[in-house]
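Topology and contacts: notes
Residue strings, one per chain:
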Amino acid sequence: MTDDPAGGRAHPDGDGPAGAAGAPLLVAAFRGWNDAADSASDAVTHLAESWGADVLAELDPEPYYDFQVNRPEAVIGEDGSRELVWPGTRVLRAEVHGRTVLLVDGTEPSTRWRSFCGEILALAAAHGVQRVFTLAALLTDVPHTRPIPVSVTTQDVATAERWGLEVSTYEGPTGIVGVLQHEAARLGVGGVSLWAAVPHYVAQPPNPKASLALLSRLEDLTGLASPSADLGEEAEAWQRGVDELAADDEEIAEYVEQLEQARDTADLPEASGEAIAREFEKYLRRRER
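Residues numbered from 1 in each chain as written. Predicted model: local features only at pLDDT ≥ 70, side-chain atom pairs only at ≥ 80, totals over all residues. Heavy atoms only, no water.

**Observations concerning the overall build of the protein**
The condition that has to hold: Note on conventions: DSSP H or I runs of at least 4 residues are helices, E runs of at least 2 residues are strands, and numbering of each starts at the N terminus. Burial here depends on accessible area, computed with a 1.4 Å probe over protein chains only, as a share of the maximum for the residue type. Under 20% is buried, over 50% is exposed, and the range in between is partly exposed. Shrake-Rupley sampling with a 1.4 Å probe provides the accessible areas, and residues are treated as covered by the protein chains on show and by no other component.
Of the regular secondary structure elements, the protein holds eight helices and 10 strands. In the protein, buried positions account for 44% of the 289 residues. In the structure as shown, the protein presents an accessible area of about 15,000 Å², 50% of it carried by carbon and sulfur atoms.

Now the structure itself:
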């Protein structure tokens, strides 16, 4: 029996939220409506760079993007020639400790979302992917001085019951990550959605603290770690910068203090023996790795 990366003990066959032990998985994030402060897309970019991922496929942007909304950018190449960089989506592949991981790094499309998701999921099926993880971020009333909350939900009732995850009960407008999760579930592929709560009063990108929180929670669920020392330093520098800004504005400082009090009060029930034991097990697993 192996440790369950989400906490506790895993099933003897090693099957957990990430699928069977060693099974390929997919991690996706999209710039746009689902990506406050670019936190999720920056997290996937970090994974691609850390794991040395290679481009597996690039989706043709023509059917999916309104170029008046997501305009191409003119850049000067290394040889001095002018080039156009089009908005789009790439699927990258990495081998991490013998495990295949597909990374989707893209921009939320303007149209034909079901066809768009179908292309991604066809690539996932061709590589034996058993679980789809989507990373996202939203702006909300949380203080920047506390750990960034990350909610984890699934549309798969069996996965939720077996691994103690919440079943998504959200109703309302959704983004491309919600559609990708829905289409994956329709095809029988389990999905897990991670959402980071980003302080709304510092909405401008980047937010390395939120990116780091998403990656930490993803590691809990999959057991796959990525080098994060640089990102950790960036997160600390980001918090110091926001601290300085808040200190210069009495109204913001007071507002942050109110958010801190509300957060600390809400977190008190979490200081249970079970929660402490879970965090200690997580610490030991990371020490072993």
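**Details of the packing of helix α2 (residues 113-126) against helix α4 (residues 176-186)**
The line we're drawing: In this analysis an axis means a line fitted to C-alpha atoms, helices contributing only their contacting stretch, and an angle means the value between N-to-C directions, from 0 to 180 degrees. Roughly parallel refers to an angle under 35 degrees, roughly antiparallel to one over 145, roughly perpendicular to one between 65 and 115, and oblique to any angle outside these ranges. The handedness criterion is simple: a crossing whose near helix is rotated anticlockwise from the far helix by less than a right angle is left-handed, and one whose near helix is rotated clockwise is right-handed. In what follows, a contact means two residues having at least one pair of non-hydrogen atoms within 4.5 Å. Polar here means any residue outside two lists: the nonpolar Ala, Val, Leu, Ile, Met, Phe, Trp, Tyr, Cys and Pro, and the charged Asp, Glu, Lys and Arg; Gly therefore counts as polar.
α4 packs onto α2 with a crossing angle of 60° between their chain directions and a minimal axis gap of 10 Å. When the axes of α2 and α4 are compared, the pair comes out oblique. α2 and α4 meet at a crossing whose hand is right-handed. On α4, the residues that touch W113, R114, F116, C117, I120 and L121 of α2 are I176, V179, L180, E183 and A184. The class makeup of the residues in the contact of α2 with α4 is nine nonpolar, no polar and two charged.

**Re the pairing of strand β8 (residues 150-154)**
Applicable threshold: Paired strands are those between which DSSP finds at least two bridges. Orienting the strands away from the viewer, one traces the path from the first strand over the helix to the second; a clockwise path indicates a right-handed crossover.
When you tally the buried positions in β8, you get four out of five residues, the bulk of the element. Two elements, β8 and strand β9 (residues 166-167), share two bridges in a ladder whose sense is parallel. Pairing of T153 across the sheet is with E166, part of β9. For the crossover from β8 across helix α3 (residues 157-163) to β9, the handedness is right-handed.

**Notes on the confidence of the model for the protein**
Rule in force here: Every residue gets a pLDDT, meaning the predictor's confidence in that residue, from 0 to 100.
Mean pLDDT over the protein: 86, with 84% of residues reaching 70 or higher. Taken as a whole, residues 1-14 scores under 50 in pLDDT and shows 37 contacts with residues more than four places along the chain or in a different chain.

**With respect to the packing of aromatic side chains**
Both the distance between ring centres and the angle between the ring planes are used here to describe each pair of aromatic rings. We count it as follows: The pairing test for Phe, Tyr and Trp rings, Trp by its six-membered ring, is centres within 6.5 Å, and the orientation test on the planes gives stacked under 30 degrees, edge-to-face over 60, and tilted for anything in between.
Tallying each qualifying case throughout the model produces four aromatic pairs. Centre to centre, the rings of Y64 and F116 are 5.3 Å apart; their planes meet at 80°, and the pair counts as edge-to-face. Taken together, the residues span a long stretch of sequence, with Y64 in the loop between β2 (54-59) and β3 (73-76) and F116 in helix α2 at a distance of 52 residues. Assigned by exposure class, Y64 and F116 land together as buried. Here Y201 and Y255 contribute two aromatic rings whose centre-to-centre distance is 6.0 Å and whose plane-to-plane angle is 80°, an arrangement assigned as edge-to-face. Of this pair, Y201 sits in the loop between β10 (190-199) and α5 (208-222) while Y255 sits in helix α7 (residues 250-267), placing them 54 residues apart in sequence. On the basis of relative accessibility, which here comes to 21%, the residue Y201 falls in the partly exposed class. Overall, the relative accessible area of 26% leaves Y255 in the partly exposed class. The rings of F30, Y64 and F116 are connected pair by pair, giving a single aromatic cluster.

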